[in-house]
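Coordinate analysis (summary)
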Amino acid sequence: MTDILIIDDEKDIRELVSDILQDEGYATRTVGNAEDCMAQIEAQPPGLMILDIWLKDSSMDGIDILVKVKRERPEIPIVIISGHGNIEIAVAAIKQGAYDFIEKPFNIDQLLLVVKRAMETSKLRRENAELKRQGPVAADLLGSSAAMKTLRSQLDKVTRSNGRVMLTGPSGSGKEVAARYIHANSNRASGPFITVNSAAIEADRMEDVLFGREGADKSIEKGLLELADGGVIFLDEVADMPAGTQSKILRVLVDQQFERVGGNQKIKVDLRVISSSTANLEDAVSSGQFRQELYHRLNVVPIAVPSLGERREDIPVLARHFIAHFNESQGLPNRDLGTEAEAMLQTMIWPGNVRQLKNVIERVLILGNADGAIEPDELPSSGGSEEPGGTGVVSGTLATLPLREARELFEREYLMTQINRFGGNISRTAAFVGMERSALHRKLKSLNVVTSTKSGARVAHVEPQESGSEV
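Values in this document were obtained by computation on a predicted structure and should not be read as measured data.

What counts as what
Residues numbered from 1 in each chain as written. Predicted model: local features only at pLDDT ≥ 70, side-chain atom pairs only at ≥ 80, totals over all residues. Heavy atoms only, no water. Pairing = 2+ DSSP bridges. Helix = DSSP H or I, 4+ residues; strand = E, 2+ residues; numbered from the N terminus. Axes fitted to C-alpha atoms, helices over the stretch in contact; angles between N-to-C directions. Expected span 1.5 Å × (residues − 1). Buried < 20%, exposed > 50% of the residue type's maximum accessible area, 1.4 Å probe, protein only. Arc of directions from axis to C-beta. Phe/Tyr/Trp six-rings, centres within 6.5 Å; stacked < 30°, edge-to-face > 60°.

Here we come to the sheet that holds strand S6 (residues 165-168). Strand-to-strand pairing in sheets goes through backbone hydrogen bonds, with the strands running parallel or antiparallel. If you trace the five strands from one edge of the open sheet to the other, you get S7-S10-S13-S6-S14, paired in parallel fashion. In the strand order of this sheet, the two ends are held by strand S7 (193-197) and strand S14 (301-304), each with one partner. Sheet twist, expressed as the mean angle between neighbouring strand axes with direction ignored, is 20 degrees. For S7 and strand S10 (residues 232-236), the ladder comprises five bridges, and the chain directions are parallel. Counted as the bridge partner of Phe193 is Val232 from S10.

Here's what the structure looks like:
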């Protein structure tokens with residue numbers, strides 16, 4: 001249901017239209033009469049129909065086909081074309097449910113614009129239909145690190161209210177999972193959870209996507225706001241929302257009602273709004289890229305979602321979860337995670353956070369061995385050579401330093417990595433690195449390494465030195 005069916009009794013016209021659309025990347029089918037048209041629809045409903053009004057040697061003309069298709073398959077948008085067009089025919093076609101009307105000889109740019117918008121409408125209708133079929137989605141927050149315990153505690157508190165929540169954190173950290181956790185554990189769990197991908201909504205489509213459309217024939221196409229009635233609407237990455245969209249969303253938040261495009265009836269909705277942002281919204285407000293009033297209405301309860309680097313203790317749990325997930329969903333090997341591979345995963349750098357970890361596990365299961373525990377040489381390197389065994393080449397920073405300074409830098413980075421891996425637990429770090437706890441404390445002090453609380457977890461970092469003090 002993603003191709004375009006072209007119906008025209010003139011072979012040259014339908015083939016010309018088909019060639020133009022295929023050049024733009026669309027898949028097409030062509031027929032020359034009503035009977036073949038209906039047979040094609042019955043065999044495989046198209047994503048869009050381009051329909052000529054006048055069809056020679058057919059049992060039905062274009063208007064008859066339009067009426068029949070809109071009655072039986074209202075989700076298919078239909079663009080009417082005619083070489084004998086006039087305003088009366090156009091009005092009649094639109095009243096019967098046509099998406100748009102183009103007069104022959106048509107302008108190619110106009111045709112492509114109408115087709116693009118109509119295909120987007122078709123995609124939206126399919127997505128809306130799928131959303132209607134979806135039930136409530138449960139979500140689990142995996143991990144027992146201090147950072148995750150803090151996050152879970154904060155989320156549990158907001159599940160008991162209908163307050164608007166703003167989730168912040170780096171890309172891939174799990175902001176949508178946190179939003180789904182709120183929904184699944186709230187009194188709206190039986191209602192829908194609808195995601196609005198803010199960056200993906202084009203300004204000229206925004207009203208159709210969010211508010212829906214009411215046709216001249218009284219056909220109704222619900223938008224995402226109406227589909228979310230009684231549940232949660234998740235505004236993902238609101239910083240990417242166009243300025244015009246921000247104004248319209250603000251109005252809905254104030255009034256809790258709106259009108260469908262083409263309609264005049266006020267649609268009241270009962271929504272809980274959860275938003276997310278990777279960007280700093282306060283900076284966006286200061287620069288004029290985000291409306292201050294909308295920011296304050298969305299940011300009632302701000303909650304920070306920690307990065308994967310702030311919850312390294314959880315990496316083995318997440319990795320095993322993804323192994324089980326890919327085994328169940330794709331039939332990939334259900335392998336164990338070796339001790340050394342587990343340690344390596346906990347010390348790697350994860351700019352893509354949980355999403356990147358998931359991708360790495362999938363890659364290992366696809367390209368690695370079919371059985372046995374996952375070993376370090378199957379994992380991508382977090383720096384330096386990716387070849388197992390290495391070549392003895394040190395990093396550029398270490399290579400420029402005298403031995404004493406290089407050793408000190410290595411020890412500092414190594415111990416900070418291990419402390420963060422174990423969530424700031426000095427006893428576990430000491431046991432792993434093979435040092436007495438008191439000796440480890442002395443070593444950390446000599447290296448100016450301290451720990452402090454961040455996002456509920458103990459994190460190691462270098463203490464700034466006062467001017468004039470020795471290293």
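Additional details are given in the paragraphs that follow.
For helix H6 (residues 146-158), built from 13 residues, the straight-helix expectation of 18 Å at 1.5 Å per residue is met to within 8% by its first-to-last C-alpha distance of 19 Å. Those residues of H6 that fall on the buried side of the exposure criterion are Ala147, Met148, Leu151, Leu155 and Val158. End-on view of H6: buried residues confined to an arc of 90 degrees, all on one side of the axis. Along H6, the residues that are exposed and aim more than 90 degrees away from the buried face are Lys149 and Lys157.

Its location among the elements puts Leu367 in helix H15 (residues 353-367). Along the sequence, Leu367 and Glu378 sit 11 residues apart, while their C-alpha atoms lie 8.5 Å from each other.

Looking now at the packing of aromatic side chains. In the structure shown here, the tally under the stated rule is four aromatic pairs. Look at Phe211 and Phe258: their rings are 5.3 Å apart centre to centre, the planes differ by 35 degrees, and that puts the pair in the tilted class. With Phe211 in helix H8 (residues 206-211) and Phe258 in strand S11 (residues 257-259), this pair connects stretches of sequence that are 47 residues apart. On the accessibility criterion, Phe211 (7% relative accessible area) is buried. Its relative accessible area of 5% is what places Phe258 among the buried residues.

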